[in-house]
Amino acid sequence: MRTSRTARGVTACLAVIALAAGCSSSGGKDDEDGSGDGGGGGGKGVNTPRLKIAMVTHSGEGDTFWDIVRSGAKQAARKDNVDFLYANDKEAKGQAELVQSFVDKRVDGLVVTLAKPEAMRAVLAKAKSAGIPVVTINSGGEFSSRFGALSHIGQDESVAGEAVGEELNTRGKKKALCVIHEQGNVSLEQRCAGVKKTFDGSVENLNVEGTNAPGAQSSISAKLQAAKDIDAVVTLGAPIAAYSVKAKEEAGSKAEVDTFDLNAEVVGRLKAKDVGFAVDQQPYLQGYLSVDELWLYRTNANVLGGGKPVLTGPAIVTGKDVPKLEKYTARGTR
């Protein structure tokens, strides 16, 4: 696993986890998820007052990436004596309405994504006025501080895209198809732009509807049939990698499929050499650290990152990394 030279924040993140653990004694799903024990499970937690922290993401139906984020958030919630609530909506308006509902409930902290940032500006201003601290994760990091968030936890999407472009160069690729599975998502657009910046070959973007598997697969297949010189397909999420492998076979293409993000299926495909490499942004950390930061802020006035984003990636993962990752992806933490 090769970490981008600009992702030094990963080390800081791991140090924070160790520190937070020392302070204590110990996506794809829809709708609001509130669990009385902060996500279930045993173990003795802290003795600080019970807090209620809500997370609202832009996840679409069936996106397993967010299951990993939630797994990290629930683990931190168990440790920190937090009642963790979760809700998601792929539409920006719906996401903002969900955030408003948690502001109205006067939660103790909010974790939000900024895939379509302007839709979130007004409601985050209301959260700030209500005295509710906010941490942003995953997307829209450049908007985080200006919208009043304590910090942003995730990878720099442009840097991650640039790392992919450089990796494609080392693999001798000449023409790449960058598949955007959610049109208008600023982070996905930044990834493709980053690939274009460093890749010596040509890059063409293709928009598909990520929540429509048959439609996405058909669109990718049609493009590969029409452009036989495409030798790399870059997908921006693990589920889209699976569609692309099938589309490649359907089209009779020899293009290499590479992807952002990990899950158990991607690791299996890396092992089978169906996928060339993956870009890991460590979603478990994004969930864990965001809940932990809000607990630290509420109980000790701590803020992570010193005003800068807390980076959780990117790292390039190849088949050589499979043996050490399989057990973690199988349990849903990588």
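On a predicted model such as this, the values are computed, not experimentally measured, just so you know.

1. Digging into the environment of Phe277
- Tracing the backbone through its elements, the reader meets Phe277 in strand β12 (residues 275-280).
- On the accessibility criterion, Phe277 (0% relative accessible area) is buried.
- Along the sequence, Phe277 and Asp258 sit 19 residues apart, while their C-alpha atoms lie 5.2 Å from each other.
- For Phe277, the residues in contact, after removing those within four places along its chain, are Val164, Glu167, Leu168, Arg171, Glu256, Val257, Asp258, Thr259, Leu270, Ile316, Val317 and Thr318.

2. Points about the confidence of the model for the chain
- Confidence in the prediction of the chain, expressed as mean pLDDT, is 89, and 87% of residues score 70 or more.
- Contacts from residues 5-32, a stretch scored under 50 in pLDDT, to residues over four places away or in other chains number 65 contacts.
- Scored below 50 in pLDDT, residues 35-43 shows 21 contacts in the model against residues more than four places distant or in partner chains.

3. Considering the state of the cysteines
- The tally for this structure, following the rule as stated, stands at one disulfide.
- Between the sulfur atoms of Cys178 and its disulfide mate Cys192 the distance is 2.1 Å. Measuring the twist about the S-S bond at about -90 degrees, one finds the Cys178-Cys192 disulfide to be left-handed. Highlighted residues: Cys178 in strand β8 (residues 175-180) and Cys192 in helix α7 (residues 186-198), separated in sequence by 14 residues.
- The exposure class of Cys192 is buried, given its relative accessible area of 0%.

4. Quick word on helix α11 (residues 283-300)
- Across its 18 residues, α11 extends 25 Å between first and last C-alpha, which sits within 8% of the 26 Å expected from 1.5 Å per residue.
- Most of α11 sits out of view: 14 of its 18 residues are buried.

5. Describing the pattern of salt bridges
- Within this structure, the stated rule accounts for 16 salt bridges.
- Close ionic contact of Glu97 with Lys93 constitutes a salt bridge, the shortest N to O distance being 2.6 Å. Residue Glu97 and its partner Lys93 are located together in helix α3 (residues 92-104), separated by four residues, close to a single helical turn.
- Relative accessible area serves as the criterion here: at 46%, Glu97 is assigned to the partly exposed category.
- Where Arg269 meets Glu265, a salt bridge forms, and the shortest distance between an N and an O atom there is 3.2 Å. Residue Arg269 and its partner Glu265 are both found in helix α10 (residues 264-272); the two are separated by four residues, about one turn of the helix.
- Taken together, the shared-partner salt bridges connect Lys79, Asp80 and Asp292 into one network.

6. Notes on the side chain of Asn263
- Checked against the element boundaries, Asn263 lands in the loop between β11 (256-260) and α10.
- For Asn263, a relative accessible area of 10% corresponds to the buried category.
- Among the polar contacts listed, one links the side chain of Asn263 to the side chain of Thr64, at a separation of 3.2 Å.
- Within the structure, Asn263 has its side chain in polar contact with the backbone nitrogen of Glu265 (distance 3.1 Å).
- When sequence neighbours within four positions are dropped, the list of residues in contact with Asn263 reads Thr64, Ala238, Thr329 and Arg334.

7. So, the nonpolar core
- Grouped together as the largest cluster of nonpolar side chains are 29 residues, with contacts concentrated most on Met55, Phe84, Ile137 and Val291.
- Taken together, the elements giving at least two residues each to this core come down to β3 (51-57), α2 (65-80), β4 (82-88), β6 (134-137) and α11.
- The element best represented in this core is α11, accounting for eight residues.
- Among residues more than four places away in sequence, those in contact with Ile137 are Met55, Trp66, Val69, Val111, Val112, Thr113, Leu114, His152, Ile153, Gln286 and Ser290.
- Ranked by size, the runner-up nonpolar core spans 27 residues in total, among them Ala251, Leu262, Val275 and Val322.

8. As for the packing of aromatic side chains
- Enumeration over the complete set of coordinates arrives at three aromatic pairs.
- Their ring planes at 45 degrees and their centres at 5.9 Å tell us that Phe143 and Phe147 sit as a pair that is tilted. Across the pair, Phe147 and Phe143 agree in class, each one buried.
- Across from the ring centre of Trp295, 4.8 Å away, lies the NZ or CZ of Lys79, which sits over that ring.

9. Here we look at the environment of Thr136
- Mapped onto the fold, Thr136 is located in strand β6.
- Spatially, the C-alpha atoms of Thr136 and Val56 are 9.8 Å apart, while their sequence positions differ by 80 residues.
- Those residues in contact with Thr136 that sit more than four places away from it in its chain are Val112, Leu114, Ser144, Ala149, Ser151, His152 and Ile153.
- Here His152 takes part through its side chain, which lies 2.7 Å from a polar atom of the side chain of Thr136.

10. What to know about the packing of helix α9 (residues 238-251) against α10
- Two numbers describe how α9 lies on α10: the axes approach to 8 Å, and their chain directions differ by 45 degrees. One finds that α9 runs oblique with respect to α10. In the crossing of α9 with α10, the sense of the turn from one axis to the other is left-handed. Contacts between α9 and α10 pair Ala238, Ala242, Val245 and Lys246 from the former with Glu265, Val266 and Arg269 from the latter.
- In terms of residue class, the contact of α9 with α10 is built from four nonpolar, no polar and three charged.

Conventions we followed
- Residues numbered from 1 in each chain as written.
- Predicted model: local features only at pLDDT ≥ 70, side-chain atom pairs only at ≥ 80, totals over all residues.
- Heavy atoms only, no water.
- Helix = DSSP H or I, 4+ residues; strand = E, 2+ residues; numbered from the N terminus.
- Buried < 20%, exposed > 50% of the residue type's maximum accessible area, 1.4 Å probe, protein only.
- Contact = heavy atoms within 4.5 Å.
- pLDDT = per-residue confidence, 0-100.
- Disulfide = S-S within 2.5 Å.
- Expected span 1.5 Å × (residues − 1).
- Salt bridge = Lys/Arg side-chain N within 4 Å of Asp/Glu carboxyl O.
- Polar contact = N/O pair within 3.5 Å; in protein donor to acceptor, adjacent residues only side chain to side chain.
- Core = buried A, V, L, I, M, F, W, Y, C linked by side-chain atoms within 4.5 Å.
- Phe/Tyr/Trp six-rings, centres within 6.5 Å; stacked < 30°, edge-to-face > 60°.
- Lys NZ or Arg CZ within 6 Å of the ring centre and 35° of its normal.
- Axes fitted to C-alpha atoms, helices over the stretch in contact; angles between N-to-C directions.
- Parallel < 35°, antiparallel > 145°, perpendicular 65-115°, else oblique.
- Left-handed = near helix turned anticlockwise from the far one by under 90°.
- Nonpolar A, V, L, I, M, F, W, Y, C, P; charged D, E, K, R; others polar.

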